[in-house]
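# Commentary on secondary and tertiary structure
Listed below, chain by chain, are the residues.
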Amino acid sequence: MAELTQKERLKIKRHEMPNQDPRERRGNYDEVALGYSEATAREEAERCLQCKDPKCVQGCPVGVLIPQFIKALREGDMVKAVEWMKVKNNLPAICGRVCPQETQCEGNCILGKKGEPVAIGRLERFVGDFELAGRTCPLAKAPATGKKVAVVGSGPAGLTCAVDLGRGGHTVTLFESLHGPGGVLVYGIPEFRLPKSVVHGEINYAVECLGIDIKVDHVIGRTFTLDDLLEEYDAVFLGTGAGLPSFMRIPGINLNGVMSANEFLTRVNLMKGYLFPRYDTPVKVGKKVAVIGAGNVAMDSVRCNLRLQALEAAKTGTNSGEVHMVYRRSREEVPARAEEVHHAEEEGVIFDFLTNPLEILGGEKGAVRGMRCIRMKLGEPDKSGRRSPIPIEGSEFEMEVDTVVMALGTSPNPLVFVEAEGLERTKHGTAVADTETGRTKKPRVWAGGDVVTGAATVISAMGAGKRAAADIHKFLKGETTW
Amino acid sequence: MYKILKKQVLSGVIKLMDVHAPHVAKKAKAGQFVIVRIDDRGERIPLTIADFDRDAGSITIIFQEVGKSTMQLGRIEPGGELSSFAGPLGHPTEIKKYGSVVCVGGGVGVAPIYPIARSLKEAGNRVISIIGARSKDLLFWEEKMRAVSDELIVCTDDGSHGRKTLVTEPLKEVLADKDKNVARVWAIGPAIMMKFVSLATRPYQVPTTVSLNTIMIDGTGMCGGCRVLLDDGARFVCVDGPEFDAHKVNWESLLSRLQFYRKEEQLAVEQWRHTCRLEGVSGEGGK
């Protein structure tokens, strides 16, 4: 293609992501977004104006060299595109799928001021998928330093940190409490949003290139304590995430049919409950399901439930049922990504905004039969800047449900703090760590991701893992002291 | 992968295995549990640690074949391997010198009560043990229990061995005996047995500890599926337990939660038996 003028670039419309039809996809767990073709990707890449001072890069928590990789992509030099990508991002096939680009790179794109931003996320995914299939640019390992690092937790923060330290020439051991690596990418985010083959592909690729040792079934705090690790390793990074679920403090939370989003999603995603009894772990398929909360985890729970119902209906020839999303604020305050809300809506979720559960009602055999709720209205903005919900007196009503999934956020798992004297925690249970370096209050221990910030995004955890890896690298090289 | 070093059939459906898992054996203590996964499609099964050998790097598990996974586990022979073996999980038993203590083990619960009784004995307690099962062929480790107890009472529901009674009867007699001056009771067994032990000790106000085995997935505090209602709120069995003050446990809630997946459990067993028939082997080993 001949070099286009800026004017010509501006005329190209943003390319839609081809998606599975909503009616189709409700009945399967296959990926919803099908990915760009090479032709579409190159055409989309032509839209980039190659800004001298690229704002998109500033919006990226790991500072991906966006104009460079896009330029290589549109010139058809995929190997070069991968190289540029991997300067800053080791896991592009994952980030391209789950990052909230609309508030990060794409949110900053200059094209977005008057029209639609470059579809940076979709291009990133295209490059990532190309590399997973072709493996053109194995991550290079620097000469061995002889230093040993333990990385605890193999989710986004730990993986990123481990890969960067591996590239730096250090001997890295990655500890994972579950039976496979990936953390929330595997147990939390569903197959139809992030196929597990992509997660395993990215992990295996990096691990093979860099000789990272993964130890699964190791629960730090129990199998080894942090102090045990410090005896054997020169540095320890904690990327243990925020895995402890919260429950509402209302009557009835222990009834059969009430579960945390973590339990529901783990049954479905990690344990493949939707394939029961081919896989051993069952998951209950409710006829009338209420998911409480409106974050990304709530959306994932809603969409998994819709699929379970559709699969069950196809199997038994019955009606599929209802999935409600119950949220105490209004649509404007929904914290989930707009795209997730849109997808959930297409797939048939029923939104119950300005509704708050007061009690879960039990019926036969201690099972859920309904929820007593109250209608809310919005008052003055609270500390978070969102208008706070106020109950409307006398508006109580009963909602008939048989399953309640609580997606109310999570906090860090306390196990890692067992026998870890000096590792300070906030009153929210998060580890105290420097935001730039990731250094905790305990010498030779770094932390980053949700264990420090509380539940946040995959990419912010990756950013924290990356910053900590840089500081650990300097420390191990003797360029800084503790 | 974790190799099975030894297998012993304790009764038709109760089996013992020593599993090579040095990372777990190194830290294991009485009262803790492990999560076992047989293969890539397997569920995560919580099993209490029955014994451990730090030198051999092995953990002893004992299980009763009650569902598909335990039946499948029971068919694996020494030399075979398990996909996952994580632990030790949960808090260990608080072992110290209490004076006179009673250890009650019912059915397969004799396995986890054994290391507790042994540790209590080693800590200088006078240990009275009561073990029971539905019938003689379901009873195991009588001699091992006798070796770590100052007094051992054996009972079966059908009277085929020892006294014909439930474990709660001799327990009440021991509690009523002022000379015995029982300071503390531990009970591990079916939930219904632990409930009745709790009811038996309550009037005597003897602190009673039970080890709960609820439905669990990860075993590390992540899913909350194991939550149990105490009189001051919900707790997670995996990270807050597995031992709890029996007098605080809401037994009705616990018993009903244990039944929640009954239909799915039955379906899995039917499918398993069907597969086994196709393969021409017995689903339940040892018979």
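Residues numbered from 1 in each chain as written. Chains lettered and ligands numbered in written order. Predicted model: local features only at pLDDT ≥ 70, side-chain atom pairs only at ≥ 80, totals over all residues. Heavy atoms only, no water.

### As for the packing of helix 6 (residues 191-201) of chain B against helix 8 (residues 251-258) of chain B
Residues and elements named next belong to chain B. In plain terms, the rule: Note on geometry: axes are lines fitted to C-alpha atoms, helical ones only across the stretch in contact, with angles between N-to-C directions running from 0 to 180 degrees. Only DSSP runs of H or I reaching four residues or more are called helices, and only runs of E reaching two or more are called strands; each is numbered from the N terminus. Angular relationships are summarised with four words: roughly parallel below 35 degrees, roughly antiparallel beyond 145, roughly perpendicular across 65 to 115, and oblique for the angles in between. Residue contacts are counted whenever heavy atoms from the two residues lie within 4.5 Å of one another. Ten residue types, Ala, Val, Leu, Ile, Met, Phe, Trp, Tyr, Cys and Pro, are classed as nonpolar, four, Asp, Glu, Lys and Arg, as charged, and the remainder, Gly among them, as polar.
Contact pair helix 6 / helix 8: the axes reach a minimum separation of 10 Å and the direction vectors enclose 175 degrees. The angle between helix 6 and helix 8 places the two elements in the roughly antiparallel class. In this structure, helix 6 contributes Ala191, Ile192, Met194, Lys195 and Ser198 to the contact, and helix 8 contributes Trp251, Glu252, Leu254, Leu255 and Leu258. Tallied by class, the residues present in the contact of helix 6 with helix 8 amount to 7 nonpolar, 1 polar and 2 charged.

### Side note on empty space enclosed by the protein
Selection rule: The distinction between a cavity and a pocket rests on a 1 Å grid over the protein atoms alone: a 1.4 Å probe fits inside a cavity but cannot get out, while a pocket stays open yet meets protein on both sides within 12 Å along at least five of seven lines, and a residue with an atom within 4 Å of a point counts as lining. Grid points are joined across faces, edges and corners, and a volume is the space filled by probe spheres set on the points.
Using the criterion set out here, one finds 5 cavities of 30 Å³ or more in the structure. Looking at the largest cavity, its volume works out to about 150 Å³. Mapped by element, the contributors of at least two residues to the lining of the largest cavity are strand 6 (258-260) and helix 14 (261-270) of chain A together with helix 8 of chain B. Top element by residues in the lining of the largest cavity is helix 8 of chain B. It accounts for 3 residues. Split into classes, the residues belonging to the lining of the largest cavity amount to 8 nonpolar, 4 polar and 4 charged.

### With respect to the domain arrangement of chain B
Residue and element names in this part refer to chain B. Our working rule: What marks off one domain from the next here is an automatic or database domain assignment. By definition, the buried area sums, over both parts, the 1.4 Å-probe accessible area that each loses when the two are put together. We count a salt bridge whenever a side-chain nitrogen from Lys or Arg sits within 4 Å of a carboxyl oxygen from Asp or Glu. Two N or O atoms count as a polar contact when they lie within 3.5 Å, although within protein this holds only if one can serve as hydrogen donor and the other as acceptor, and sequence-adjacent residues are included solely when both atoms are side-chain atoms.
Each domain of chain B was delimited in the assignment, giving domain 1 (2-90 + 263-279) and domain 2 (100-211). Taken over C-alpha atoms, the centre of domain 1 sits 25 Å from the centre of domain 2. At the interface, 15 residues of domain 1 touch 13 residues of domain 2. Carbon and sulfur atoms make up 66% of the area that domain 1 and domain 2 hide from each other, which totals about 1100 Å². Counting the contacts that link domain 1 with domain 2 gives 1 salt bridge. Of the charged contacts, one joins Arg118 and Asp51 as a salt bridge, the two residues approaching to 3.0 Å between their closest N and O atoms. For the pair domain 1 and domain 2, the interface holds 2 residue pairs in polar contact (both at pLDDT 80 or more). Broken down by secondary-structure element, the contributors of at least two residues to the side of domain 1 that touches domain 2 are strand 1 (2-11), strand 2 (14-20), strand 4 (45-53) and strand 5 (58-64). Tallying contributions element by element places strand 4 first for the side of domain 1 that touches domain 2, with 4 residues.

### Looking at the nonpolar core
Defined as follows: Residues grouped as a nonpolar core are buried Ala, Val, Leu, Ile, Met, Phe, Trp, Tyr and Cys residues, joined through side-chain atoms within 4.5 Å. Burial classes: relative accessible area under 20% of the type maximum marks a residue as buried, over 50% as exposed, and values in between as partly exposed (1.4 Å probe, protein chains only).
Of all hydrophobic cores here, the largest spans 78 residues; its most connected members are Ile66(A), Phe69(A), Ile70(A), Leu123(A) and Ile472(A). Counting residues per element, this core draws most heavily on helix 18 (residues 458-476) of chain A, at 9 residues. Mapping this core onto the domain boundaries places at least three of its residues in each of domain 1 (6-134) and domain 2 (148-243 + 411-476) of chain A. Of all hydrophobic cores here, the second largest spans 57 residues; its members include Met248(A), Val197(B), Cys226(B) and Val249(B).

### Brief notes about the packing of helix 10 (residues 156-167) of chain A against helix 12 (residues 196-210) of chain A
Residues and elements named next belong to chain A. Cut-off, in case you're wondering: Crossing handedness is defined as follows: a turn of the near helix away from the far one that is anticlockwise and smaller than a right angle gives a left-handed crossing, while the clockwise case is right-handed.
Contact pair helix 10 / helix 12: the axes reach a minimum separation of 10 Å and the direction vectors enclose 25 degrees. Between helix 10 and helix 12, the angle is such that the two are roughly parallel. Between helix 10 and helix 12 lies a crossing of left-handed hand. Every residue of helix 12 that contacts helix 10 at Leu159, Val163, Gly166 and Arg167 is listed here: Ile203, Ala206 and Leu210. Grouping the amino acids of the contact of helix 10 with helix 12 by side-chain chemistry returns 5 nonpolar, 1 polar and 1 charged.

### Observations regarding the sheet that holds strand 9 (residues 350-352) of chain A
Residue and element names in this part refer to chain A. Test applied: Pairing between two strands requires that DSSP report at least two bridges joining them.
Ordered in space as 6-14-7-8-9, the 5 strands form an open sheet in which the pairing is parallel. This sheet does not close on itself; its edge strands, each paired only once, are strand 6 and strand 9. Across this sheet, the average inter-strand angle for adjacent strands is 25 degrees, counted without regard to direction. Bridge count for strand 8 (residues 322-326) against strand 9 is 3 bridges, and the pairing is parallel. Within strand 9, the residue paired with Val326 across the bridge is Asp352.

### Quick notes on the interface of chain B and chain A
Contact residues are listed per partner, giving 47 residues for chain B and 42 residues for chain A. Carbon and sulfur atoms make up 56% of the surface buried where chain B meets chain A, a total of about 3800 Å² over both sides. One can count 3 salt bridges joining chain B with chain A. Where chain B packs against chain A, one counts 21 residue pairs in polar contact (both at pLDDT 80 or more). Those elements that place two or more of their residues in the side of chain B that touches chain A are helix 2 (68-75), strand 7 (84-89), strand 14 (227-230), strand 15 (233-236), helix 8 and helix 9 (262-279) of chain B. Top element by residues in the side of chain B that touches chain A is strand 7 of chain B. It accounts for 6 residues. The residue makeup of the side of chain B that touches chain A, split by class, is 18 nonpolar, 17 polar and 12 charged.

### Some remarks on the sheet that holds strand 1 of chain B
Residue and element names in this part refer to chain B. The strand order across the open sheet built from 7 strands is 6-1-2-5-4-3-7, with neighbouring strands paired in antiparallel fashion. Strands with a single pairing partner mark the edges of an open sheet, and in this sheet they are strand 6 (81-82) and strand 7. Where strand 4 and strand 5 come together, 4 bridges link them in antiparallel fashion. Bridge pairing links Phe52 to Ile59 in strand 5. The strands touched by helix 2 within the sheet are strand 1, strand 2, strand 4, strand 5 and strand 6, with strand 5 carrying the most contacts at an inclination of about 125 degrees.

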